[in-house]
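# Report on the structure
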Amino acid sequence: MKELKISLGFIGLIAALIFIAAAGPAQAGANQWTTTGPYGGYFSALAVRTTLTPVPTETVYAGKARGGVFKTSDGGSTWTQINDGLLSSTISASKIEVDSLAIDPAGTVYAGIMLYSAPSGVFKMVGGTWTNVYNSNSVHFQTTNALAIDTAGTVYAGLSIDGIVKTINGGTTWTPINGTSTTILPTDSNGYINVRALAVDSTNNIVYAGTDGNKTSSGGVYKTTDGGTTWTATDSTHLPPSDVVSSLAVDPANSNTVYAGTLWGGVFKTTNGGTSWTNINGATLTHNYITSLTISGGTVYAGTDGGPFYSTDGGASWTQGNAAQVNALATGTAGTVYAGTLGGVSKTTDGGTTWNNAIGTGLTAITYSLTADTVGKVYAGTDGGVFETANSSMAWTQINAGLATWDDLTVWSLTTDTNGTVYAGGHNCGVHKWSGTAWTQINGTSPTNLTNLYVHSLAADTAGAIYAGTEGGVLSTATSNPGAWAQINTSLSTVYALAVYPSGTVYAGTNAAGVFKMTYAGGSWTTVNTGSSVSGLSYVRSLAVDTVGTVYEPAGTVYAGTGACAGVFKTTDGGTSWTNINGTSLTSTCVYALAVAAGAVYAGTDAGGVFMTIDGGTSWTQINTGLTNTNILALSVDTAGVVYAGTNGGGVFAYTPAPTVSSFAPTSGSIGTSVTITGTSLTGATAVIFGGTAAQSFTVNSGTQITAVVGSGATGTISVTTPGGSANSGTFTFIPSTTITSTTTAPSTTTTTPPSTTTSSTGPTTTTTTTAASPTTPAATTTTTAASTTTSTTASTTTTIPGQGYTLTVVNDPANGGTISGDMTCPGTCSKQFPANTLVSLTANGLSNYGFFYWGVPGEKFSDSRTLMSRTLTLTINSNLTVTAFYIPFPVEAFH
């Protein structure tokens, strides 16, 4: 027999390997929510407060087109959301539109904010809380396009309808300053005084206003020298009045030099306070859609729809920077300039040559949609485009190649087809398809085009069709011919939710008429929400189909979440009847997102976070630990069973649910018995235990079922461990196996322990001989059957069991520690669990021998020396074997 000698160095290597395995990345969100982004979004306003003493510092404030205000004091490495005073039970982050920001000489921050359904206008940060100091909605529904503050602290606000108002007392009172008679600011074609831009020349007490000409003759740049009592039009000969003046900047080195950015004509410059203007685009300013201007250290920066441009010679020539579309610019300290872009915040510290992301932690996106593909990736559709993460890592990567405009980057919906291809839909941009490297728009051309480009929902069926829920109903296209869309929106209005059952049935949730279904592609829609029992099932924001089924409902059960706060409904008969399943435990009933996975149903609510049910809605549990934003817009579950929640301004959170075990069968058995375990969230199980003993092997059939093979063990509970925790249930009764038919005891005859000698005839007959060691005389027990007789004399415990044509003998060596009780059962698979540090010799007698060592995978054999790393030994007896196994107390998992 070959022997294996284990050195201390080898044991040290094993310990090192185990440490490496244990020190790997932890599972994100184990039974609680965690987040690492994604970070970014559409930023529409910037302001920087700088101090020079005792050292130069800067605090940057960034406002989003949707999502509120953020600030950073470390150059963008970390951001804090500062929406206190803006959020309420009816106002979520996506309803906070920040149009302008400014900071007065004392450091007080002002913001022009639109809240739609609440007082809007100018807000002031007081003690960390925003306070509305000018309500622009008192007369009209309008935005605050621009803010400017002079050195005396006077605040000027440019409005989209009412022109300009100002305050000299920090917002306590406001005065309209649009001029009078012939010196009044002009109106656009709608009769509004739409002021897009403001700039202050404090040296000469001049305020400049950029107005919206709406391509009429009334636009251009106006200025006042008396605080707004009278306004004068600057040179309209060289600055076309039909242009929309979107931005203004006064040169701090020469206040008579002013730059004006327009939305269609590029950049204009005056060196005489507006008496005359010159277009300075030249051949190098290749984008004439100007969103913002700033000046730093003599360099002029222009934000455009093609990224940032900069000029070091007053506009004689321009160089393009390496950032995305710029919506806002602001100057920091030491030549630092910040840019609010479609995808976040960027900054340059080298005069505009290079722009780097300042998208640090906390600068969270609004996540409208989520989808998981077939290989472990999760995609998030946000107000800043699409992000992806792989294998529950929560390390997000922005993948916006091919998404060029603000409409493209506002991604309301995502889906994945059976091939793993991802599709994105959104705000006025239709549908895009991801190739793995870039997005391609697949809206088609007339007459098979996507006739409505506002895509609220997407779904894919197993036959390869893609469905788009739009503000004009549902359209579909085959993946084999993307872009050839068929109109299938009969009777449908705006469709917020889509769900597909694998058999081909499509469900659509509408904004006013409830749920419809279509039983085959291209068929007609049927309303499936009639009856008094479905009161409230009209405004449907989310749908989900259980494709597997549980003990609580069959496969094909459909869940509907309502946006009008009626909670969750379900149907188990295809919509013939619906049941409201809120009960008393679903305490937040505006349900914007649903997901079904591994036997659990998840509901994302407008203000109450995430709820979970594992009994088909009989009871709900709120699972908000670690969830710092409870406005949920999207839910998805990846292949590892990790749940993702997209929030309204707080990014994406991940949660690994704890497993449950509801039943198992059979409830008793011996070594080798196959047991089916049923429960929820069983995906990724790492261990199955019977009465404290690890299963011989197990297979995760689905998120709701595991098949496990019983190893040596004891009666006790069944335990299943997953990355989300452990679940215990019931009592499994272990039935020990034995082949001992009778036992007798004889007086001892020796005091020594010679080598074991056992002989046996081959065949199906079992003979067991047991000899116990004694300090005086050994006791001998012989049991003989009619077929054969075996006699053995030894000083150690021997169990002889017939194999397949030979006898397998198990010998315990007391000198190497431990004792062995019980027997192994053959033929077939022989299983036995031994204590750690026990040397066990397994010998097939009377046959030619060769050595092998077992790693813990049933039936795996090696012809060379290996280390046995399993405390449960499982052998398939199918050849002539001599086995030596050294047991050491280290887990098998470290070596797989």
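Values in this document were obtained by computation on a predicted structure and should not be read as measured data. (Residues numbered from 1 in each chain as written. Predicted model: local features only at pLDDT ≥ 70, side-chain atom pairs only at ≥ 80, totals over all residues. Heavy atoms only, no water.)

### Comments concerning the overall build of the protein
The helix and strand inventory of the protein stands at two helices and 74 strands. In the protein, which comprises 896 residues, the share counted as buried stands at 55%. Long-range pairs, those at least 24 residues apart, make up 50% of the contacts in the protein with a sequence separation of at least 6. Of the accessible surface of the protein, which amounts to about 34500 Å², a share of 52% is contributed by carbon and sulfur atoms. (Helix = DSSP H or I, 4+ residues; strand = E, 2+ residues; numbered from the N terminus. Buried < 20%, exposed > 50% of the residue type's maximum accessible area, 1.4 Å probe, protein only. Contact = heavy atoms within 4.5 Å. Areas by Shrake-Rupley, 256 points an atom, 1.4 Å probe, with all protein chains shown as cover.)

### A short note on the pattern of salt bridges
As enumerated under the stated definition, the model contains five salt bridges in all. Put simply, Glu 97 and Arg 66 hold a salt bridge, and the shortest N to O gap is 3.0 Å. With Glu 97 in strand S6 (residues 97–103) and Arg 66 in the loop between strand S3 (57–64) and strand S4 (69–72), this pair connects stretches of sequence that are 31 residues apart. Using a relative accessible area of 12% as the deciding quantity, one classes Glu 97 as buried. Across the pair Glu 553 and Lys 570 runs a salt bridge, and its minimum N-O distance is 3.4 Å. (Salt bridge = Lys/Arg side-chain N within 4 Å of Asp/Glu carboxyl O.)

### So, the side chain of Asn 624
With respect to the secondary-structure elements, Asn 624 resides in the loop between strand S53 (621–622) and strand S54 (632–637). Looking at Asn 624, its side chain comes within polar contact range of the main-chain oxygen of Gly 608, at 2.8 Å. A distance of 2.9 Å separates a polar side-chain atom of Asn 624 from the backbone nitrogen of Val 610. Excluding anything up to four places from it in sequence, Asn 624 contacts Trp 33, Gly 608, Gly 609, Val 610 and Thr 630. (Polar contact = N/O pair within 3.5 Å; in protein donor to acceptor, adjacent residues only side chain to side chain.)

### Observations regarding the nonpolar core
The biggest cluster of nonpolar side chains holds 19 residues, and the ones touching the most others in it are Ile 96, Val 98, Leu 101, Val 109, Ile 113, Leu 115 and Trp 130. Elements supplying a minimum of two residues to this core: strand S2 (43–51), S6, strand S7 (109–114) and strand S8 (121–126). Setting aside chain neighbours within four positions, we find Leu 101 in contact with Ala 45, Leu 46, Ala 47, Tyr 61, Ala 62, Gly 63, Val 109, Tyr 110, Ala 111 and Leu 147. Residues Ala 685, Ala 695, Ala 708 and Val 720 belong to the second largest nonpolar core, which totals 18 residues. (Core = buried A, V, L, I, M, F, W, Y, C linked by side-chain atoms within 4.5 Å.)

### Quick look at the sheet that holds strand S46 (residues 540–546)
Taken together, the four strands give an open sheet; going across it, the order is S46-S47-S48-S49, and neighbouring strands pair in antiparallel fashion. Each having just a single partner strand, S46 and strand S49 (579–580) make up the two edges of the open sheet. Bridge count between strand S48 (residues 568–571) and S49: two bridges; the pairing is antiparallel. Within S49, the position partnered with Lys 570 by the bridge is Thr 579. (Pairing = 2+ DSSP bridges.)

### Describing the state of the cysteines
Structurally, a disulfide amounts to a covalent bond that connects the sulfur atoms of two cysteines. As enumerated under the stated definition, the model contains one disulfide in all. Across the disulfide, Cys 565 is cross-linked to Cys 590 (sulfur-sulfur distance 1.5 Å). On the criterion of sequence distance, the pair formed by Cys 565 in the loop between strand S47 (557–562) and S48 and Cys 590 in the loop between S49 and strand S50 (591–597) is long-range, its members being 25 residues apart. For Cys 565, a relative accessible area of 39% corresponds to the partly exposed category. (Disulfide = S-S within 2.5 Å.)

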